[in-house]
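Here is what each chain is made of, one letter per residue.
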Amino acid sequence: MTFPGRIAVMGGGSWATALAKLLMQNCETISWYMRRDDRIEDFRRSRRNPAYLSDVVFDIERIDFSSDINKVCSEADTLLLVMPSPYFKSHIEKINVDLSSKYIVSAVKGIVPDENMTITDYMTKRFGISRDKTLVVSGPCHAEEIALDRMSYLTVGCQNADSAEAFARCISGKTLKTITSSDVDGIEYAAVLKNVYAIAGGIVHGLKLGDNFLAMLLSNAIREMERFINTVSPRERQICDSVYLGDLLVTAYSRYSRNHNFGSIIGRGYSVKAAKMEMEQTAEGYFGTNCIHEINKQTGVSMPILDCTYDILYRNIKPERAMKQLAAQFV
């Protein structure tokens, strides 16, 4: 089998739909796992995902849909994981087929809850998949803008440079440019942290603290991200590359960012519980904040923005008070 072989999209949300759109431009056929049969039937009937990015029309004759995760895993050579991180483990625990020979591409921008592990680390440990068969996809790229065919950029990370290039070709197109990297761990952790900092940025917006303060928050956030990633995965990397800084900026500023919007609701005075109820989609940074906070108990990196966000989300500290304390630490 020449990598990537038959690709299966694992997940039915907006990011999964956007990536499927990209794959369909370069692949003859794909498999697509969705949890709900009613969604699959609606998709087949309308040729659109009924719940996410419903303006995108698909050639469904080239898609093999299934709600049977083991069937999809058995028939595919490469699994593109795009489930929300809070529900990732509940899906993966249903798998009872051998995945050790498969390639895994994670587009999950989160940590496995309870395990506090990155997706690739978890898949490697659970299924015995070698590290050179695990890839990540990330970058400053909103699903909504892919759906609108706006110019976007993604980074494909893998220890095997040929595999990174091969998968990058599968998603590249006129409006989607790809970059390759070998920094799998750094890319995964950056994808989690940028969601945390986007919540903090949203809180700043909701509190009406202004763009000047937000700029200071984000300039400190990228340094905080660099400190943490260089501690948990020491290697040479350029933190200003798009997969780190670019993704942080677009997630912290954009109206499409669910994490920014979640933080903004809290900044406007809603409780965390009420803000979660207001959200139509999952704000993964809420869960990522707790996971990174737990990991950092062992690493001991100075992370005042993470700590501030954790205090607001999990310790019920008033956002005004927490941000005032944080401001005193900015440099």
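Trainee: Sorry, what's going on with helix α13 (residues 284–299) here?
Mentor: Since the α-helix packs 3.6 residues into each turn, any two residues three or four apart lie on the same face. Given a rise of 1.5 Å per residue, 16 residues ought to cover 22 Å, and the 22 Å separating the end C-alpha atoms of α13 matches this to within 8%. Positive phi shows up at Gly 300, right after α13, with a value of about 70°.

Trainee: Before we go on, may I ask you to explain the packing of aromatic side chains in this structure?
Mentor: Geometrically, a pair of aromatic rings is defined through the distance of the ring centres and the angle of the planes. For the structure shown, the criterion picks out 13 aromatic pairs. Look at Tyr 286 and Tyr 314: their rings are 4.8 Å apart centre to centre, the planes differ by 20°, and that puts the pair in the stacked class. On the criterion of sequence distance, the pair formed by Tyr 286 in helix α13 and Tyr 314 in helix α14 (residues 304–314) is long-range, its members being 28 residues apart. Looking at Tyr 286, the relative accessible area reads 13%, which means it is buried. The exposure class assigned to Tyr 314 is partly exposed, which follows from its relative accessible area of 27%. Grouped by ring-pair contacts, the aromatic residues Phe 262, Tyr 286, Phe 287, Tyr 310 and Tyr 314 constitute a single cluster. Positioned above the aromatic ring of Tyr 103, the side-chain terminus of Lys 133 is 5.3 Å from the ring centre. One cation-aromatic arrangement involves Arg 255 over Tyr 256; the distance from NZ or CZ to the ring centre is 4.4 Å.

Cut-offs used in this document
- Residues numbered from 1 in each chain as written.
- Predicted model: local features only at pLDDT ≥ 70, side-chain atom pairs only at ≥ 80, totals over all residues.
- Heavy atoms only, no water.
- Helix = DSSP H or I, 4+ residues; strand = E, 2+ residues; numbered from the N terminus.
- Expected span 1.5 Å × (residues − 1).
- Phe/Tyr/Trp six-rings, centres within 6.5 Å; stacked < 30°, edge-to-face > 60°.
- Buried < 20%, exposed > 50% of the residue type's maximum accessible area, 1.4 Å probe, protein only.
- Lys NZ or Arg CZ within 6 Å of the ring centre and 35° of its normal.

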